[in-house]
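A look at the structure
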Amino acid sequence: MINLNSITTKNLAVAYEDNLVVNGLNMQIPQGKITAIIGPNGCGKSTVLKTVGRILKPKNGMVYLNGDDIRRLTTKEVAQKMAILPQSPQAPAGLTVGELVAYGRFPYQRGLDKLKPEDKEIIAWALEVTKLTELENTAVDNLSGGQRQRVWIAMALAQQTDLILLDEPTTYLDLSYQLEVLELLYRLNREQGRTIVMVLHDLNLAARFADYMVAIRCGNIICHGAPEEIMTTKVLRETFRIDAKIITEPRTGRPTCISYDLIKENEPRPYMKEGAK
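Computed from a predicted model, the values in this text were never measured in an experiment. (Residues numbered from 1 in each chain as written. Predicted model: local features only at pLDDT ≥ 70, side-chain atom pairs only at ≥ 80, totals over all residues. Heavy atoms only, no water.)

For the rest of this paragraph, the subject is the confidence of the model for the protein. The predicted coordinates of low-pLDDT regions are not to be read in fine detail. Mean pLDDT for the protein: 90, with 93% of residues reaching 70 or above. Long-range and interchain partners of residues 270-277, a stretch whose pLDDT sits below 50, account for 12 contacts in this model, where long-range means more than four residues apart. (pLDDT = per-residue confidence, 0-100. Contact = heavy atoms within 4.5 Å.)

A separate point is the sheet that holds strand β9 (residues 212-217). Hydrogen bonds between backbone groups are what pair the strands of a sheet, and the pairing can be parallel or antiparallel. With mixed pairing, the 6 strands of this open sheet are ordered in space as β6-β7-β8-β3-β9-β10. Single-partner strands in this sheet number two, and they are β6 (82-85) and β10 (220-225). Averaged over all neighbouring strand pairs, the angle between strand axes comes to 15 degrees, with direction disregarded. (Pairing = 2+ DSSP bridges. Helix = DSSP H or I, 4+ residues; strand = E, 2+ residues; numbered from the N terminus. Axes fitted to C-alpha atoms, helices over the stretch in contact; angles between N-to-C directions.)

The next point concerns the pairing of strand β11 (residues 242-248). When β11 meets strand β12 (residues 255-262), the two strands line up antiparallel, connected through 7 bridges. Bridge pairing in β12 links Ile 246 to Cys 257. Connecting β11 to the antiparallel partner β12 that follows it, the hairpin turn spans 6 residues, and Gly 253 within it adopts a positive phi of roughly 75 degrees.

The geometry of two aromatic rings is summed up by the distance between their centres and the angle between their planes. For the structure on display, the rule yields 2 aromatic pairs. Pairing Tyr 103 with Phe 106 gives two aromatic rings, centres 5.0 Å apart and planes at 40 degrees, and the pair type is tilted. Classification of Phe 106 by relative accessible area gives partly exposed; the value is 46%. Look at Tyr 186 and Phe 209: their rings are 6.2 Å apart centre to centre, the planes differ by 70 degrees, and that puts the pair in the edge-to-face class. Of this pair, Tyr 186 sits in helix α6 (residues 175-192) while Phe 209 is found in helix α7 (residues 203-209), placing the two residues 23 residues apart along the sequence. Here Tyr 186 falls in the partly exposed class, since its relative accessible area comes to 30%. Take Phe 209: its relative accessible area is 6%, and that puts it in the buried class. (Phe/Tyr/Trp six-rings, centres within 6.5 Å; stacked < 30°, edge-to-face > 60°. Buried < 20%, exposed > 50% of the residue type's maximum accessible area, 1.4 Å probe, protein only.)

Take a look at the structure:
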């Protein structure tokens, strides 16, 4: 049987000490697609991503990676199947672009082995596809925000994984750099079939680039599906407590939120039929 989900969670519960952040989460991430996880601050988006990436240990429940129980995989096996980029990663001072990207080959090395010709070819390819070849010997500290994000993505590509997890890859970037990073991820998915999973704050960017969206609130899934199913007045009301105006953006054909108002907690929420927009 072919597994069509890169990631599956079953009854996942995650806590920070006694604070239960995620409880009973059942989620499926489709293989070969771009998935965006959205939700308000503190809802558990990053917690879910870190747990799937085995940075956090769940209190209860299961995480399956390509059908395998992730607990039964070694750290090296996980790193060969999945790359995870945390929010605002920091490189050691003075490290060059080429040196940081080379870290992506560590899961395939033994002990203090030097890089093999095959490793160097993969690093060169990762630099080329992210348009960083000319910056290989430049210190990461001297790069712009968009360039630094591309370096981290190149490192993930050097891992040669089919699955890449990114926590807020556009944080602190201006509009042009946000598009630069997301268009790169879009190309990686479309041209190489990489499965991309991103936590994003910007709803319109999520709807523009994702094939599949998961809306989370208080550690629970409100709704999941295609952008057209998530970017609705009803779903955004339930997820963010806002009254949103949604249109179809003419250039992309994707749903776009053009305006919204807060729903005051002391005001009665209007009844909405199932499936209403």
